[in-house]
Every structure is written in structure tokens, then in C-alpha cells.
Amino acid sequence: MTVLLEVTRLNKRFGGVQAVNDVSFAVDEGQIIGLIGPNGAGKSTVFNLINGISEPDLGQVVFGGRDITGRPAYRIARAGLARAHQIVQPLHGLSVLDNCVVGACFGRENLALPQAQEIAREVADRLGLGDRLELPASALTTAGKKRLELARALAARPRLLLLDEVLAGLNPTETDRMIETVQRIRASGVTILMIEHIMRAVMSLSDRIIVLNLGSKLAEGSPQQIANDPTVIAAYLGDSKLIH
Amino acid sequence: MKLVWRRPFPWIITVVALAFALVPYVTNDVQLRESLILAAVYIVLASNLNLMIGYAGYVNFGNIVFFGLGGYFCLFMVNAWRWNVLSASLASGVIVSALALLFGLGILRLRGAFFALATIGVNAAIQQLVTNFEPWGGATGIYLSLDAYGPLGGPRQALWTVYLLVVAATLASLLSSYAIKRSKFGLGLLAIGQNESAAAVLGVPTPLYKALAYSVSAFLPAVVGGLYFYKTGIIEPSGAFSLSLSIEAIVMVMLGGQGTVIGPALGAFLYEEMRRFLLTAAAFSNFQLVIAGALLLTIVLFVPGGLMGFVYRRWPRTQKALE
């Protein structure tokens, strides 16, 4: 298996807070990796450092064999790394279709408008937005906006997809539909790195899980190993010795 | 480009522009021509400003600097180098556009109000620079002598030629605004206007696109600045870099509907009609500025989409034909 993304000793400090502290991990092609941890563990910051929203103080990000550390976000997107945000960021005034066209146009393949429109339609259809293509993005429901966020990222035909809590705020039926969607995305050959709080989803989807706590990597392993790791349980629930 | 002509809109505006060009010419109505040339100049200013405000979401308060600089370059070439007005105004457009690209790469790192302030600063700085620049006549500016109109067959004929050239620039403004809106470049700009950070994450090369938009929006205003000041025969710093005209251009864009193709042109035309009406009474000297202020406030508060935004919301089908 080839390594698609390799993160080495990332560090980021905001004022007096060490948000990310010496975090290293690798993502193999074709896998789903779960990134979990309590609130404030530095998960979203790690995403920001990977896709060029902010620059690490120290450390290196290598994607597809190329060093992309500190490159601007649009270059990284071009290289084939797409992201769905935790707080949805639709282009409100543009139609659902045009939102996806932007993704396809400026993504990895740098397509011309007509081809981009074709792909955008196809992806929007696949994510169940086919009947709302002409609506402005602002008219969608929360679940719809989450799907749009994902559709837009997928339209870029990425090699690696960063999913930042795409399940948060969805009701149980919507959650099940979204889990199915994520599985289908992986089956189509896209590698996924996902932040998620819903344990049922992370445990069933991930091949491997990385746990962050207070900016540092606490543990890494298969879902089973993580579920039984005493340090992980302590980070989430407090020290187990104190309970017994 | 081929795709663009398949829709009705380019044909509609071409016909309107032809009417603009022909009616005063056929009726030989000089007064009508003088009123329409001002409307045409305003349309060029508003339509190009719309590329920044309406598409990319950047309020360029100092947009008049392109117009003024274009006028200065053009009159200098006509006066000192004896160039004909067409080559001089086109050359001015290219120079100002290139300068805008350089400036744009710098000041477009700023966002929101900071960008708007920086553009006012650019306009003020260039005005000061020109005021102290002796080869361009300093504070008194550049005057053209009558023989500058010789190559066009004397002043009377030159005014007609300039009028037709300005109408051609107006048509070019609207066509390019339309072509840009329907292009990949335009989609990128619209994405930037909606949410710049999200656009960058989606792969839109934001610094380059913004600077290009700034540069493109400088070209035709500079060309028309050259033609306009050639027509008046005199240019001086306070007239060329008038901040109030800059703000009036913003009112035109907002009045007609920012982000639409036809809106800014409509806004510019209506604004010029209103201004002309008010000017007929001497008591109302510059009274249009008071109305402009009130208009801007009303639009921003109650009809943020402007006239065309309102029409497209009410009758969505019209947007398919007009944009």
C-alpha cells in the first residue's frame, strides 16, 4: 500500500496555547482514517494545517510525494485534496449546481466549464441534490447544506477528502444516509480522513483511528484497540482509577 | 465567445448600442449627443466597476483613478507626441490596466473596509503626484490646441467620431461583462464575492483572479477617460480624479443592481437623466449628490439587489433572457 498523506511532527501555537504538539501520522491510499478526541484537542487545527488555511510553526506535510507545507489553500486543492467543513460554507447566492461547478472547475482536473457542469450534475445527483440544482444554496436545509458541502468537495475529483464532522447536526435517518454515502465514496477510490464525534459512525467506518488530546497524539490503532485503550477512556471520561 | 452569441442578450444590447449611436447622428441633434455621451461614459464606469463590486465583492471607492489616468496619458500622447486619439486612448488603456495589475496584487491583500480605504488612498496619492508632475502641466493640467482635432477633420467632425468611439466602448463593456459572467473566470470571481475563504479551499486562485479583475475593470474606463478628455480638450487634476464621481459610480451600480450585467448600465443611464434634470435649475448645482446619498442609503437598506435584482426576483424568467 502506498502512503498518500504523511504528516511529520506538526506544531502550531496560538498565543499561549499549544494547539497542535508534535503530531505525526500517515494515511494510506484507499483507507478511511478517523481522527477523534475531546473538544479542543486540535483536530480542526490539524485539518487547517494540512489544507493550507494556516501554516504550521514546525513540521511537514507531504501529499502524494510532494511537500505541500505552507502552500496556499487553492494550490493544495488543485493538487487533489478537498475538504468539507464542519461549519458549512456554501456560496449562498449561487445555485446548488454552480456551487458544485466551482468545485469541479477549480479542483484537481482544472476542467473547462462545460465538462465541469457535467460532473457537477452527476455528483449532485449521486448525493441526492438532483432535484434542487437551480435553488440558491441558501435555500437548502441544514442536512442539504451538509450534502452540498460534500458534493462540492467530491466534484473536485480529489485523491484525499478531509471530512470535518459531516454528521454533526443530522437526525438519525440523515446520519444513516450520510454513513452510506461515505462508504460509497470510499468504494469509488477516494481516500478519507475524517473528524467525527459520533462513535457509532467512526467505529463502523474507519480502518484506523487516531486519537488527539490537548494537541498531542494519544493513541493510534484499529477501532477495537482504541475502544479498549485505557488512556483513551481516561481522556474522554476521566481517570478510570478514580471511578473504581 | 461563440457560445455567448447564441443567447439573446448580446443581440439586444448591440441593437440598443446602435440606436444610441445612430439617433443623434441621423437627427443631427448635438444636444442629445452631449447628453448621451455622458450617459455612455457613466455606463462604462459603472459596468466595469460592477466587475469588482458585483462579481468579486470588492468595493473600489477610488475607481475614478482609472478614468483620470487614462485621460492624462491620452492627452499627453496627443499633445506631445501628436498621436491620433484612437491609438492614444487604447495605449492609455493598456498602460493603466498594467498599472492596475501591479497595484491590485498589492492592495487586494486587504479585505472589506480596508480595501475600500486603500483605493481612496491610491486615488488621492495619484492626484497629488499628478498635481506636482510638471510634464503633465502640474496643477493647471493639459490643454489641447485646436489643431489637435485636425486629423479627425476639424473639431466639429471630431466630436462625432469621439461620440461613436465612446458608444463602441460602452458596447464592449457590456459584452465583456456578459462574457466574463458566463466564463470560468467569472464563476471564480462570483465565488470569491460570496465567500473568499471557501473559494480558496475549493481551488479558486484568489490573489490572481482578484488582481486580474481589478486590471480588466481598469481598461475601458481608462480608454473612455482618454476619449472624454480629448473631447473636452482640457484635463486638470481635480476634474480627473474627482472622488465624488467615483462615489456616484457606486450609486449607479447599486441603483441598477450589482452583480447583474444590465443593471449597472440601467442605473448609470437613469442617474445621468436625473442629474441632467436637476442641473437645469441653477439653484440645484450639485444637488444630485444629495439625492445620490439618499438613494444609496435607501437601496442598501431596502432593495440591496437594486432595480434588476428586484425584477429578477419578481419575474425569474426575465433573467434567462437578460442576465
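Cut-off values and rules
- Residues numbered from 1 in each chain as written.
- Chains lettered and ligands numbered in written order.
- Predicted model: local features only at pLDDT ≥ 70, side-chain atom pairs only at ≥ 80, totals over all residues.
- Helix = DSSP H or I, 4+ residues; strand = E, 2+ residues; numbered from the N terminus.
- Rg over C-alpha atoms; globule rule 2.2 N^0.38 Å.
- Buried ≥ 20, exposed ≤ 12 C-beta atoms within 10 Å, placed from the backbone.
- Expected span 1.5 Å × (residues − 1).
- Arc of directions from axis to C-beta.
- Contact = placed C-beta atoms within 7 Å.
- Pairing = 2+ DSSP bridges.
- Domains from an automatic or database assignment.
- Nonpolar A, V, L, I, M, F, W, Y, C, P; charged D, E, K, R; others polar.
- pLDDT = per-residue confidence, 0-100.
- Axes fitted to C-alpha atoms, helices over the stretch in contact; angles between N-to-C directions.
- Parallel < 35°, antiparallel > 145°, perpendicular 65-115°, else oblique.

**Q** So what's going on with the overall build of chain A? Residues and values would help.
**A** Counting its regular elements, chain A contains ten helices and ten strands. Relative to the 2.2 N^0.38 estimate, which gives 18 Å for 244 residues, the radius of gyration of chain A is 18 Å and therefore close to what a compact globule would have. For chain A, the spread of C-alpha atoms along the principal axes amounts to about 60 × 40 × 40 Å. Burial analysis of chain A (244 residues in total) assigns 45% to the buried set.

**Q** Tell me about helix H6 (residues 172–187) of chain A, and please be specific about residues and values.
**A** Residue and element names in this part refer to chain A. Its 16 residues place the ends of H6 23 Å apart at the C-alpha level, agreeing with the 22 Å of an ideal helix rising 1.5 Å per residue. Turning to H6, its buried residues are Met178, Val182 and Ile185. For H6, the arc enclosing every buried residue in end-on projection is 60°, short of the 170-degree limit, so these residues lie on one face. Residues of H6 that are exposed and point over 90 degrees away from its buried face: Pro172, Thr173, Glu180, Arg184 and Ala187. Where H6 is buried, its residues contact helix H5 (142–155), strand E7 (160–164), strand E8 (191–195) and helix H7 (199–205). Backbone geometry just downstream of H6 places Gly189 in the positive-phi region, at approximately 105°.

**Q** Got a sec to walk through the sheet that holds strand E1 (residues 3–14) of chain A? Specific residues and values, please.
**A** In any sheet, the strands associate via hydrogen bonds between backbone groups, in a parallel or an antiparallel arrangement. Residue and element names in this part refer to chain A. Ordered in space as E2-E1-E4-E5, the four strands form an open sheet in which the pairing is antiparallel. Of all the strands in the sheet, just strand E2 (17–28) and strand E5 (66–67) have a single pairing partner and so form its edges. Looking at chain direction, strand E4 (residues 58–63) and E5 are connected through two bridges and run antiparallel. Note on E5: the bridge partner recorded for Val62 is Asp67.

**Q** Which residues make up the domain arrangement of chain A, and what are the values?
**A** Residues and elements named next belong to chain A. What the domain assignment lists for chain A is domain 1 (1–80 + 159–244) and domain 2 (88–158). Summarising the inter-unit geometry, the C-alpha centres of domain 1 and domain 2 are found 24 Å apart. The interface is formed by 13 residues belonging to domain 1 together with 13 residues belonging to domain 2. No other element matches the three residues that H6 contributes to the side of domain 1 that touches domain 2. For the side of domain 1 that touches domain 2, a count of residues per class yields seven nonpolar, three polar and three charged.

**Q** So what's going on with the interface of chain B and chain A? Which residues, and what values?
**A** Contact residues are listed per partner, giving 15 residues for chain B and 22 residues for chain A. Mapped by element, the contributors of at least two residues to the side of chain B that touches chain A are helix H7 (184–194) and helix H8 (196–201) of chain B. Looking at the side of chain B that touches chain A element by element, the count peaks at six residues for H7 of chain B. Residue classes in the side of chain B that touches chain A are distributed as nine nonpolar, five polar and one charged.

**Q** Talk me through the confidence of the model for chain B; I want residue IDs and the actual numbers.
**A** In the predicted model, chain B carries a mean pLDDT of 91, and 97% of its residues have values of at least 70. For this predicted complex, the interface confidence comes out at an ipTM of 0.90, alongside a pTM of 0.91.

**Q** Go over unusual backbone geometry with me, naming the residues and quoting the values.
**A** Residues and elements named next belong to chain A. The backbone phi angle of Asp22 is positive, close to 55°, even though this residue is not glycine. Here Asp22 is to be found in strand E2. With a phi angle near 50°, Leu214 is a residue other than glycine that sits in the positive phi range. Along the chain, Leu214 falls in the loop between strand E9 (208–213) and strand E10 (216–221).

**Q** Lay out the environment of Tyr74 of chain A in plain terms, naming residues and giving numbers.
**A** Note that Tyr74 of chain A resides in helix H2 (residues 73–78). Along the primary structure Tyr74 of chain A and Arg184 of chain A are separated by 110 residues, whereas in three dimensions their C-alpha atoms are 26 Å apart. Ignoring any residue separated from it by four or fewer positions in sequence, one finds Tyr74 of chain A in contact with Ala200, Gly203, Val204, Pro205 and Thr206 of chain B.

**Q** Before we move on, can you summarise the pairing of E7 of chain A with the specific residues and values?
**A** Across a regular strand the side chains alternate sides, sitting on one face of the sheet and then on the other. Residue and element names in this part refer to chain A. With five of its five residues buried, E7 lies for the most part within the structure. In E7, alternate side chains face the same way, and those of Leu160, Leu162 and Asp164 on one face and Leu161 and Leu163 on the other are all buried. In this sheet, E7 lies alongside strand E6 (residues 81–84) in parallel orientation, the contact comprising four bridges. Each bridged residue has a counterpart across the sheet, and for Ala82 the counterpart in E7 is Leu161. By the bridge criterion, five bridges tie E7 to E8 in an arrangement that is parallel.

**Q** Describe in detail the packing of helix H2 (residues 30–56) of chain B against helix H9 (residues 206–232) of chain B, supporting the description with residues and values.
**A** Residues and elements named next belong to chain B. Axis separation between H2 and H9 bottoms out at 9 Å; the angle between their running directions is 170°. Of the possible angle classes, the one that applies to H2 and H9 is roughly antiparallel. For the pair formed by H2 and H9, the contact residues are Val41, Val44, Leu45, Asn48, Leu49, Leu51, Met52, Tyr55 and Ala56 on the first element and Lys210, Ala213, Tyr214, Val216, Ser217, Leu220, Pro221, Val224 and Tyr228 on the second.

**Q** Describe the sheet that holds E6 of chain A, and please don't skip the residues or the numbers.
**A** Residue and element names in this part refer to chain A. Spatial ordering of the open sheet is given by E6-E7-E8-E3-E9-E10, a layout of six strands whose pairing is mixed. Only two strands of the sheet have a single partner each, and these edge strands are E6 and E10. In this sheet, adjacent strand axes meet at a mean angle of 20° when their direction is disregarded. Pairing geometry for strand E3 (residues 32–36) and E9, over four bridges, is parallel. Each residue of the ladder has a partner; that of Gly34, found in E9, is Ile209. Running over the sheet, helix H1 (residues 43–50) touches E3, E6, E7, E8 and E9 and is turned about 150° from E7.

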